[in-house]
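So the chains spell out like this:
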Amino acid sequence: MNEGKRLLKIILILTLVMGGLTVGLLYAAGQREKNNIYIVVNPDTMNLVQLEKPKKGDPIAIIDTTEGEIRMVLYPDHSPEAVRNFTELAQSGYYDNTYIFESREGKFCGGGTPAKNGSVGKNTNEHIERELHQDLWPFKGAVCMVQTDYVRTFKQKVLGGGTYYNGSRFYILNSIEFNDDAVSELRENSASTKLADAFEKCGGIPNFSQQMTIIGQTYQGFDVIERLSSLPGKNTGKFFTPDEDVIIRSIRISTYEDEEK
């Protein structure tokens, strides 16, 4: 009789434990989308704002480098925290006389560090949560913030999830080569014909899609991006560092209306 009660008690405990685990798993699944691991993209509501021309009053950034000038429109409505961080750093003069620290085989360049090797020193603006948006994609000329950290709790390590962060460094994208094979693969793997058409027309790096916070889109200076992305350099283990110093003289924040005047 005692053995039967003991067995019943064990079964009851196991049932409660399994029930608790089930609730925990369901809760974790519900919470996962609140992390910034991924977003759900709806092709029917997606608006490719980077294909639009800047409008009067739009915030812009003017990047003056020793290789020429790049002008980009900013997207504070889509990536508010990253744009705020970038804008505040630019207005404080942080980017003045910083380096182009990476030039990656014609595909993109990296800028905005006080050291040529890409390190950020004692800068404290390196923990801005990644912001992904279905309207922003890594087309040619997109300006993306470089990832700095990936933080997970113990529960997230077991069940999935976590938080990506970015900081002060940024990449400006050039493009991969869209040959027949690349175009075919792009169309096979894209759920949106509109998006595939945009990559084929504008260029870019589709493999970066929804991987980094995008803060802006170049509208002037694509020739400068092409030069900055193809500088002679060497692989230093983390970055492809240019042999010769290329400097960002300044980054000025303005509006498209002021720029026109």
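A brief structural summary. (Residues numbered from 1 in each chain as written. Predicted model: local features only at pLDDT ≥ 70, side-chain atom pairs only at ≥ 80, totals over all residues. Heavy atoms only, no water.)

## A word on the overall build of the protein
The cut-off we apply is this: Helix and strand definitions here come from DSSP, where helices need a minimum of 4 consecutive H or I residues and strands a minimum of 2 consecutive E residues; each element is numbered from the N-terminal end. For the exposure calls, accessible area comes from a 1.4 Å probe over protein chains only, and a residue counts as buried if that area is under 20% of its type's maximum, exposed if over 50%, partly exposed in between. The contact rule is simple, with two residues in contact once any of their heavy atoms fall within 4.5 Å. Only the protein chains shown count as cover for residues, with accessible areas throughout obtained via the Shrake-Rupley method and a probe of 1.4 Å.
A tally of regular secondary structure across the protein gives seven helices and eleven strands. For the protein, with 261 residues in total, the buried portion stands at 45%. By sequence separation, contacts in the protein at least 24 residues apart represent 77% of the contacts at least 6 residues apart. Carbon and sulfur atoms provide 52% of the accessible area of the protein, an area that totals close to 14,200 Å².

## Observations regarding the packing of helix H4 (residues 180–189) against helix H5 (residues 193–202)
For any two helices packed against each other, one specifies the crossing angle of their axes together with the interaxial distance. How we decide: Here, axes are lines fitted to C-alpha atoms. For helices the fit covers the stretch in contact, and angles between N-to-C directions go from 0 to 180 degrees. Oblique is the label for any angle not under 35 degrees, not over 145, and not in the 65 to 115 range, which are roughly parallel, roughly antiparallel and roughly perpendicular in turn. Note: crossing handedness is left-handed where the near helix turns anticlockwise from the far helix by less than a right angle, and right-handed where it turns clockwise.
At a minimum axis separation of 9 Å, H4 and H5 run at an interaxial angle of 160°. In terms of their interaxial angle, H4 and H5 are classed as roughly antiparallel. Once H4 is placed against H5, the crossing between them reads as right-handed. Of the residues in H5, those touching H4 at Val183, Leu186 and Arg187 are Thr193, Ala196, Asp197, Phe199 and Glu200.

## Points about the side chain of Gln210
Rules: Distance and chemistry together define a polar contact, namely a pair of N or O atoms within 3.5 Å, with one atom able to donate a hydrogen and the other to accept it when in protein, and with adjacent residues in sequence counting only for side-chain atoms on both sides.
Residue placement: Gln210 occurs in the loop between H5 and strand E8 (214–220). A distance of 3.3 Å separates the side chain of Gln210 from the backbone oxygen of Leu136, its partner in a polar contact. Sequence-distant contacts of Gln210, that is, excluding residues within four places in its chain, are made with Ile39, Arg130, Leu132, His133, Gln134, Leu136 and Trp137.

## Quick word on the pattern of salt bridges
Our working definition: The salt bridge definition used is simple: a Lys or Arg side-chain nitrogen within 4 Å of an Asp or Glu carboxyl oxygen.
In total, this model carries 14 salt bridges according to the counting rule given. Residue Asp64 pairs with Arg249 through a salt bridge whose shortest N-O separation is 3.4 Å. One end of the pair, Asp64, is in strand E1 (residues 59–65); the other, Arg249, is in strand E11 (residues 247–255), with 185 residues separating them in the sequence. Note on Asp64: relative accessible area 24%, which makes it partly exposed. The shortest N-O distance in the salt bridge between Glu226 and Lys140 comes to 2.7 Å. Taken as a pair, Glu226 in helix H6 (residues 222–228) and Lys140 in the loop between strand E5 (128–129) and strand E6 (142–151) lie far apart in primary sequence, 86 residues in all. For Glu226, a relative accessible area of 36% puts it in the partly exposed group. Note on Lys140: relative accessible area 18%, which makes it buried.

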